[in-house]
Amino acid sequence: MAQFDVIELIEDTKQGNALDAERVTGFVTAFMAGEVTEAQASAWMMAVCLQGISDDAASALTAAMVESGKLVDLSELDHTADKHSTGGVGDKVSLAACPLAAAAGSIVAKMSGRGLGHTGGTVDKLESIPGFRTDLSAKDFRAQAQRVGLVIAAQSHDLSPVDKRLYALRHDTATVDSPPLIAASVMSKKLAAGASAIVLDVKCGRGAFMQSPEEADHLARLMCHIGESQGRAMAAAITPMDQPLGRAVGHALEVTEAVEVLRGEGPPDVAELALQIATSMVLLSGAAPSLDDARARVEKARSSGSALDKLAEMVRAQGGDRRVIDDPARLPSARSIDVLRSPTSGRITWLDALRIAEVVESLGGSRRGRKAIDHSVGVRLLRKQGEDVSPGDPIVEIHASDPSSLDDAKTRIGRAMRVGDPAAPDPTQFEIRWIT
Ligand code: URA
């Protein structure tokens, strides 16, 4: 067979010429076979970053990436559903939405990532539950999906192995933030994980990778196009990520908040997003005949406690201490808890998700520069954007393992927040926009 002409591919992509599926597939095959060097792959991805590629070329790239590894075969299971978030701050939606969807009739089989950049990962959050195992084999993953109806595990290395190599190159060559490359990376792993329905939560704003509604919209539509072209039922929500979602940021604190949502409590933004995502999973997976019916089932799963029971069942199945679901105080807790009080009166007009994430990182809540994550640390936002404060009111609760980090955290939180005129219009609108 003729050698794949990667130089011509790079040149054509650089000129913005159309690429057919065969050439994009040829690139992945040749890269995996060692016929395309890392320098050439990086040059091609930079050309993709600068010129873009068509949606069909992005679909072909994704399909070839899926082919590079194994597939989880869920085809004999009915109503399988998965969800994915592009990453945010305080985003514990999977921990609530997946049990809700599972208790409402879907089989939820989700492989999750660890934290990426400043965003937290579901797998890291789940690992704050003592004993909880996320490293399941594909066989155990499938078996638990069938037996329990709910499994959330770490991304298996066998799925889309080319993504791991390309992602490392993208990280080193400033080619991460390209919609077709992000879409192919995310969707290759989602498609390989096998669910027939995939619901996406594309975050948009200061604390997200997509900063503008246009970018988020483009990425969401592209990922839906890719999934649909591979025969999956797709939906995407674009959701705000300027301030953190909910009130808790930090692993164990977020698990607690997700449990609160499943108990019928919890912050309204997290609860509504979890309910909508779960509804979409139930509808798309065919477990309910209509949107209204899917929503009613999901609400019942919450009010009856069956979603909470489903979460407890999953925790037990994966070796975790299920008693934390009844009593989240059993989760790791920080040694020092302090409160930041408002120095002034007014309305919180700005609460920067990215800076809050950096505070939690500085307390030890991320892997960056450290050997292990401290699951106990984080913040609880007692006041959020649009809420009023008076002098001395507690506004943020800080959970730290090292008491000497508290002062720095308080200074950083002060920089992440602005208190303005109490008559200022409420800037906060938690608007969930669906693309189906
Ligand atoms: N998450 C991924 O898995 N891949 C990307 O490219 C970006 C976010």
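This text follows the structure it describes.
Here the structure is a predicted model, which is why all the values come from computation and not from measurement.

Q: Is there a simple way to explain the sheet that holds strand β9 (residues 378-381) in this structure?
A: Through backbone hydrogen bonds, the strands of a sheet pair up, either in parallel or in antiparallel fashion. Sheet architecture is open: four strands sit in the order β6-β9-β11-β7, paired in antiparallel fashion. The open sheet terminates on both sides in strands that have one partner only, identified here as β6 (248-249) and β7 (336-341). Pairing geometry for β9 and strand β11 (residues 394-400), over four bridges, is antiparallel. The partner of Arg380 across the bridge, within β11, is Glu397. Sitting on the sheet, helix α16 (residues 353-362) touches β6 and β9, and the angle it makes with β9 is about 140°. Packing against the sheet, helix α17 (residues 406-416) makes contact with β7, β9 and β11, and its axis sits at approximately 35° to β7.

Q: What am I meant to see in α16 here?
A: Spacing of three or four residues puts side chains on the same side of an α-helix, whose turn is 3.6 residues. Among all positions in α16, only Ala353, Ile356, Ala357, Val359, Val360 and Glu361 are buried. The elements touched by buried residues of α16 are β6, β8 (346-351), β9 and α17. With a side-chain oxygen positioned 2.9 Å from the backbone nitrogen of Leu354, the residue opening α16 is Asp352. In the segment just after α16, Gly364 is the residue with positive phi, at about 105°.

Q: How do you make sense of empty space enclosed by the protein when you look at a structure like this?
A: Sizing a probe to match a water molecule and rolling it over the atoms shows the empty space that remains. Counted by the stated rule, this structure contains two cavities of 30 Å³ or more. The calculated volume of the largest cavity comes to roughly 60 Å³. Forming the boundary of the largest cavity are Trp44, Met45, Leu61, Met65, Asp163, Leu166, Arg170, Leu181, Ala184 and Ser185. For the lining of the largest cavity, the secondary-structure elements that each account for two or more residues are α3 (38-51), α4 (55-67), α8 (161-172) and α9 (179-192). When the residues that make up the lining of the largest cavity are grouped by side-chain class, the tally is seven nonpolar, one polar and two charged. Within this model, the second largest cavity holds a volume of roughly 30 Å³. Forming the walls of the second largest cavity are Leu95, Leu126, Ile129, Val255, Ala258, Leu311 and Ile325. By residue class, the composition of the lining of the second largest cavity is seven nonpolar, no polar and no charged.

Q: Can you help me understand the nonpolar core in this one?
A: Side chains that are nonpolar tend, in soluble globular proteins, to be buried together. Counting 77 residues, the largest nonpolar core has Leu100, Val379 and Val396 as its most contacted members. Top element by residues in this core is helix α12 (residues 268-284). It accounts for nine residues. Both domains that meet at this core, namely domain 2 (80-328) and domain 3 (332-420), each give it at least three residues. Residues contacting Leu100, with those up to four places away along its chain left out, are Leu262, Ala274, Leu275, Ala278, Val298, Ala301, Arg302 and Ala307. In terms of nonpolar packing, the next biggest core, distinct from the first, is built from 62 residues, Ala64, Ala109, Leu136 and Met234 among them.

So, how was this worked out
Residues numbered from 1 in each chain as written. Predicted model: local features only at pLDDT ≥ 70, side-chain atom pairs only at ≥ 80, totals over all residues. Heavy atoms only, no water. Pairing = 2+ DSSP bridges. Helix = DSSP H or I, 4+ residues; strand = E, 2+ residues; numbered from the N terminus. Contact = heavy atoms within 4.5 Å. Axes fitted to C-alpha atoms, helices over the stretch in contact; angles between N-to-C directions. Buried < 20%, exposed > 50% of the residue type's maximum accessible area, 1.4 Å probe, protein only. Polar contact = N/O pair within 3.5 Å; in protein donor to acceptor, adjacent residues only side chain to side chain. 1 Å grid on protein atoms, 1.4 Å probe; cavity = no way out; pocket = protein on both sides within 12 Å on 5 of 7 lines; lining within 4 Å. Points joined across faces, edges and corners; volume = space filled by probe spheres on them. Nonpolar A, V, L, I, M, F, W, Y, C, P; charged D, E, K, R; others polar. Core = buried A, V, L, I, M, F, W, Y, C linked by side-chain atoms within 4.5 Å. Domains from an automatic or database assignment.

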